[in-house]
Amino acid sequence: MWYHKPAINEELLQSLPNLKVVASSGVGIDHLDLKLLSSYGVKVANTPFIVSTDTADLGMALLLASSRRLVEGHEMAVSPDTEYFPADWLGVQVSGATLGIVGMGAIGYKVAERAKAFEMKILYHNRNQRKKEEESAVGAVYCKKIDDLLQQSDFVLLAVNLTPQTHKLIGKRELELMKPTATLINISRGLVVDQDALVEALQNKVIKAAALDVTYPEPLPRDHPLLKLKNVIITPHIGSATKKTRWVMMEEMAESIEAGLAGLPIPREVL
């Protein structure tokens, strides 16, 4: 499967009686009905580890681009109407700012490693607290309650899997807890955020800005209000989109398929 296609439903499974394994690209499995697949005796594999480095890089890229207003700055620099650069056109300093990471798995932890190099203060919220030595290595402080993280962070970065528990995890209430000077960065799944609430928060300056690699749907309708806001950066779900990573993803998917066909243990099997 690539970009969630083909759709794996009962009709398809009934038409493929010899199907043994489904290999899905990336880490997310929210598009798969694991119980349905298991009922047909089909095993599932994904590529969860190879994507973490590139996705963490993109998370930091979005943070930096948003804080320093790179997209707006580029447009100003190349516009035929620009006659001078205004002296009061300012961004937000990253060094010393507080980054709140929601979801401290492989991707979230690698974001923390990068943020430490930018001398950021790091908070994180996760289902389980990391080991003390892992926290110390990046200078991260655990927030048991997400509310505490939201209230203190200058940048809130989402790196959670999409599950029933994280569906619209960030809504109107959560956005209102954030600082009016804060930026929301989403590198997980679009449905982790209540998009209507986000539009309202950005329009009414409840938060300062958003930088999104994911939306719902993808792409957004061309008349969607998010596309009209200057305080939003949107990229086309490119967290893992480098040549090297995509090549390894393909290799890992092929490896899982070969193992499944041979009746061997499947690397990176989703259980």
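Since the model is a prediction, treat every value here as computed from it, not as a measurement.

How each quantity is defined
- Counting of residues starts from 1 at the beginning of each chain's written sequence and follows it residue by residue.
- Predicted model: local features are reported for residues with pLDDT of at least 70 only, side-chain atom pairs are reported and counted for 80 or more only, and whole-chain, interface and lining totals are derived from all residues.
- The side-chain figures draw on all heavy atoms in the structure; neither hydrogens nor water molecules are used.
- Start and end positions for the domains come from either an automated domain assignment or a database one.
- In this analysis, two residues are considered to be in contact whenever any of their non-hydrogen atoms come within 4.5 Å of each other.
- Buried area: the sum, over both parts, of the accessible surface (1.4 Å probe) that disappears when the two are put together.
- Per the convention used, a helix needs a DSSP run of H or I reaching at least four residues, while a strand needs a run of E reaching at least two, with both numbered from the N terminus.
- In this scheme, a helix's expected span is set at 1.5 Å multiplied by one less than its residue total.
- For every residue, the accessible area (1.4 Å probe, protein chains only) is compared with the maximum for its type, and the residue is labelled buried under 20%, exposed over 50%, or partly exposed between those bounds.
- Note that the arc is defined by the directions from the helix axis to the C-beta atoms.
- By the convention used here, strands pair only if DSSP detects at least 2 bridges between them.
- If the strands point away from the viewer and the path from the first strand over the helix to the second runs clockwise, then the crossover is right-handed.
- Between Lys or Arg on one side and Asp or Glu on the other, a salt bridge is scored when a side-chain nitrogen of the former is within 4 Å of a carboxyl oxygen of the latter.
- For every element, the axis is a line fit to its C-alpha atoms; helices are fit only across the contacting stretch, and the angle between N-to-C directions ranges from 0 to 180 degrees.
- Between rings of Phe, Tyr and Trp, where Trp is taken as its six-membered ring, a pair exists when centres lie within 6.5 Å; planes separated by under 30 degrees are stacked, by over 60 edge-to-face, and by other angles tilted.
- By nonpolar core we mean a set of buried residues, namely Ala, Val, Leu, Ile, Met, Phe, Trp, Tyr and Cys, connected to one another through side-chain atoms within 4.5 Å.

### What to know about the domain arrangement of the chain
Here comes step 1: What the domain assignment reports for the chain is domain 1 (10–49 + 242–262) and domain 2 (51–78 + 91–234).
Here comes step 2: Measuring from the centre of the C-alpha atoms in domain 1 to the corresponding centre in domain 2 gives 29 Å.
Here comes step 3: Taken together, the contact between domain 1 and domain 2 spans ten residues of the former and six residues of the latter.
Here comes step 4: Together domain 1 and domain 2 conceal approximately 680 Å² of surface at their shared face, both sides included; 49% is due to carbon and sulfur atoms.
Here comes step 5: Looking at the side of domain 1 facing domain 2, the largest losses of area belong to V27, D30 and F49, adding up to 56% of the total buried there.

### Details of helix α10 (residues 243–261)
An α-helical segment advances 3.6 residues per turn. Residues three or four places apart therefore align on the same side.
Here comes step 1: Taking 1.5 Å per residue, 19 residues should reach 27 Å; α10 reaches 27 Å between its end C-alpha atoms and fits that length.
Here comes step 2: Buried residues of α10: T245, V248, M249, E252, M253, S256, A259 and G260, and no others. Angularly, the buried residues of α10 cover 140 degrees about the axis, an arc narrow enough to put them on a single face. Within α10, the exposed residues directed more than 90 degrees away from the buried face are K243, K244, W247, E258 and L261.
Here comes step 3: Taken together, the buried residues of α10 touch β1 (21–23), β2 (43–45) and α3 (52–67).
Here comes step 4: Note on α10: the residue one or two positions beyond its end, G263, has a positive phi of about 75 degrees.

### A few points about the pairing of strand β7 (residues 183–186)
On a regular strand, each side chain points to the face opposite its neighbour's, so the side chains alternate between the two faces of the sheet.
Here comes step 1: In β7, alternate side chains face the same way, and those of T183 and I185 on one face and L184 and N186 on the other are all buried.
Here comes step 2: For strand β6 (residues 155–158) and β7, the ladder comprises four bridges, and the chain directions are parallel. Counterpart to F155 in the pairing with β7 is T183.
Here comes step 3: The β-α-β motif built from β6, the intervening helix α8 (residues 172–177) and the parallel element β7 has right-handed crossover chirality.
Here comes step 4: Examined bridge by bridge, β7 and strand β8 (residues 209–212) share four bridges and lie parallel to one another.

### Observations concerning the pattern of salt bridges
Here comes step 1: Applying the stated rule across the entire model yields twelve salt bridges.
Here comes step 2: R189 is paired through a salt bridge with D30; the nearest N and O atoms lie 3.4 Å apart. Highlighted residues: R189 in the loop between β7 and α9 (195–203) and D30 in the loop between β1 and α2 (34–39), separated in sequence by 159 residues.
Here comes step 3: You can call R189 buried: its relative accessible area is 16%.
Here comes step 4: Residue classification places D30 among the partly exposed positions, given a relative accessible area of 32%.
Here comes step 5: Residue E200 pairs with K172 through a salt bridge whose shortest N-O separation is 3.6 Å. Remark: K172 occurs in helix α8 and E200 occurs in helix α9; sequence separation between them is 28 residues.
Here comes step 6: Ionic contacts of the salt-bridge type, sharing partners, join the residues D147, R173 and E174 into one network.

### Considerations on the sheet that holds β6
Here comes step 1: Strand order in the open sheet formed by seven strands is β5-β4-β3-β6-β7-β8-β9, with parallel pairing between adjacent strands. If you trace the sheet from one side to the other, it starts and ends with β5 (140–142) and β9 (232–234), each paired once. Across the sheet, the axes of successive neighbouring strands diverge by a mean angle of 15 degrees, strand direction being ignored.
Here comes step 2: Pairing geometry for strand β4 (residues 121–125) and β5, over three bridges, is parallel. Considered in β5, the bridge of Y124 is made with Y142.
Here comes step 3: Sitting on the sheet, helix α5 (residues 106–117) touches β3 (98–102), β4 and β6, and the angle it makes with β3 is about 170 degrees.

### Re the packing of aromatic side chains
Here comes step 1: Overall, the coordinates contain two aromatic pairs when judged by the stated rule.
Here comes step 2: Ring centres 6.3 Å apart and planes at 65 degrees place the aromatic pair W2 and Y3 in the edge-to-face group.
Here comes step 3: Classification of W2 as partly exposed rests on a relative accessible area of 26%.
Here comes step 4: With a centroid separation of 5.2 Å and 50 degrees between ring planes, the pair formed by Y124 and Y142 is classed as tilted.

### A closer look at the nonpolar core
Here comes step 1: In this structure, L175, L184, L198 and L226 are the most contacted members of the largest nonpolar core, which totals 29 residues.
Here comes step 2: Here this core gets five residues from one element, more than from any other, and that element is α9.
Here comes step 3: In this structure, L184 is in contact with V156, L158, I170, L175, M178, V193, L198, I207, A209, A210 and A211, ignoring residues within four places of it in sequence.
Here comes step 4: Counting residues in hydrophobic clusters, the runner-up holds 28 residues, among them M60, F155, I185 and I233.

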